[in-house]
Amino acid sequence: MFRFLVLTVMASLALGAQCPPSTPAEIAVVREINKIRRFPKEYAKYLRALGTHFEGTLWRLREHVPIRTNEGRDAVMEAADFLDNIEPVMELIVYNESLHRAAWDHVMDQGPTGATGHAGTDGSRPSLRIKRYGEIEGLSGEVINYGDETPRMTVIQLVIDDGVPDRGHRHNLFNPKFRAAGAAIGPHKDYGTMVVVDMVDALGPKTEP
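Keep in mind that what you see is a predicted model, and the values were worked out from it rather than measured. (Residues numbered from 1 in each chain as written. Predicted model: local features only at pLDDT ≥ 70, side-chain atom pairs only at ≥ 80, totals over all residues. Heavy atoms only, no water.)

Describing the pattern of salt bridges
Enumeration according to the criterion identifies 13 salt bridges in this entry. The shortest N-O distance in the salt bridge between Asp81 and Arg48 comes to 2.8 Å. Here Asp81 is found in helix α4 (residues 73-85), whereas its partner Arg48 is found in helix α3 (residues 40-50), with 33 residues between them in sequence. Between Glu55 and Arg60 there is a salt bridge, and its shortest N-O distance comes to 3.0 Å. Three or more residues joined by partner-sharing salt bridges are found here, namely Glu71, Glu78, Arg167 and Arg170. (Salt bridge = Lys/Arg side-chain N within 4 Å of Asp/Glu carboxyl O. Helix = DSSP H or I, 4+ residues; strand = E, 2+ residues; numbered from the N terminus.)

What follows is the structure, given as structure tokens:
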């Protein structure tokens, strides 16, 4: 068991070492999170307009592959109501390359298998992946979107959180305690593309065990 754990940690570190620097698209995802946190009412108007393009649970957006949703238009309108009533979060989220590497680990682990969710194939949770690259100060969280989307549509879908009863992704995005984030975008076996964003209150330097 000990040898297995050592090999798992070594593999994770090697994976992180191969992680490329953040791309403009990955940085744009976090920038879009900042925008929707600061200007939720503007995004509410945008969502209401998008919500007019449903046929049952099929979302037929212009110049976009139709999206089969779980809840249909109701989830979009509910998200718009949320945005209309939430207080803006003025604290900017700072982009963090160490968090990008933690998110990249999950993309590289999960993408080839077609798996979904926040658990890694080694059983790791977001906080453990983040701790590979720094010391978490305060809260930590993770949001994931599946599908080939623009940064704006990625964030919009996370706020809608279709099919997720507790709207956990939405609440993470609007948690004012999250002040640093890093994103990773990569291939996914079943959905084509996946986006992972890891978020923390603050991330200190990695300490030696």
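Back to the write-up after that little detour.
A look at unusual backbone geometry
Positive phi is not limited to glycine here, since Asp161 has a value of about 55°. With respect to the helices, strands and loops of the structure, Asp161 is situated in the loop between α7 (151-160) and α8 (168-173). According to the relative accessible area criterion, Asp161 is buried, its value standing at 4%. If you check the backbone angles, Arg167 has positive phi at about 50° while not being a glycine. (Buried < 20%, exposed > 50% of the residue type's maximum accessible area, 1.4 Å probe, protein only.)

Structural notes on the nonpolar core
By size, the foremost hydrophobic cluster in this structure holds 36 residues, and its most contacted members are Leu47, Trp59, Leu83, Leu173 and Val197. Ranked by the residues each element gives to this core, the list is headed by α4, at seven residues. What Leu173 contacts, discounting residues up to four positions off in sequence, is Ile33, Arg37, Val143, Val155, Leu158, Val159 and Met199. Counting nine residues, the second largest nonpolar core, distinct from the first, contains Trp104, Val107, Ile144 and Met194. (Core = buried A, V, L, I, M, F, W, Y, C linked by side-chain atoms within 4.5 Å. Contact = heavy atoms within 4.5 Å.)

Notes on the packing of aromatic side chains
In this description, a pair of aromatic rings is defined by centroid distance and the angle of the planes. Counted under the stated rule, the structure contains three aromatic pairs. Taken together, a centroid distance of 5.1 Å and an interplanar angle of 10° make the contact between Phe54 and Trp59 stacked. Accessibility assignment for this pair places Phe54 and Trp59 in one class, buried. One residue, Arg152, lies across the ring of Tyr46, its end atom 5.4 Å from the ring centre. The ring of Phe82 is capped by Arg170, whose NZ or CZ atom sits 4.8 Å from the centre of that ring. (Phe/Tyr/Trp six-rings, centres within 6.5 Å; stacked < 30°, edge-to-face > 60°. Lys NZ or Arg CZ within 6 Å of the ring centre and 35° of its normal.)

Topic: the side chain of Glu32
Within the secondary structure, Glu32 sits in helix α2 (residues 24-38). Given a relative accessible area of 7%, Glu32 falls into the buried group. In this structure, Glu32 is in contact with Tyr43, Pro151, Arg152 and Val155, ignoring residues within four places of it in sequence.

A look at the side chain of Gln110
Tracing the chain through its elements places Gln110 in helix α5 (residues 97-110). Judged by its relative accessible area of 1%, Gln110 is buried. Apart from the residues lying within four places of it in its own chain, the contact partners of Gln110 are Ala115, Thr116, Gly117, Ala119, Tyr146, His188 and Met194.

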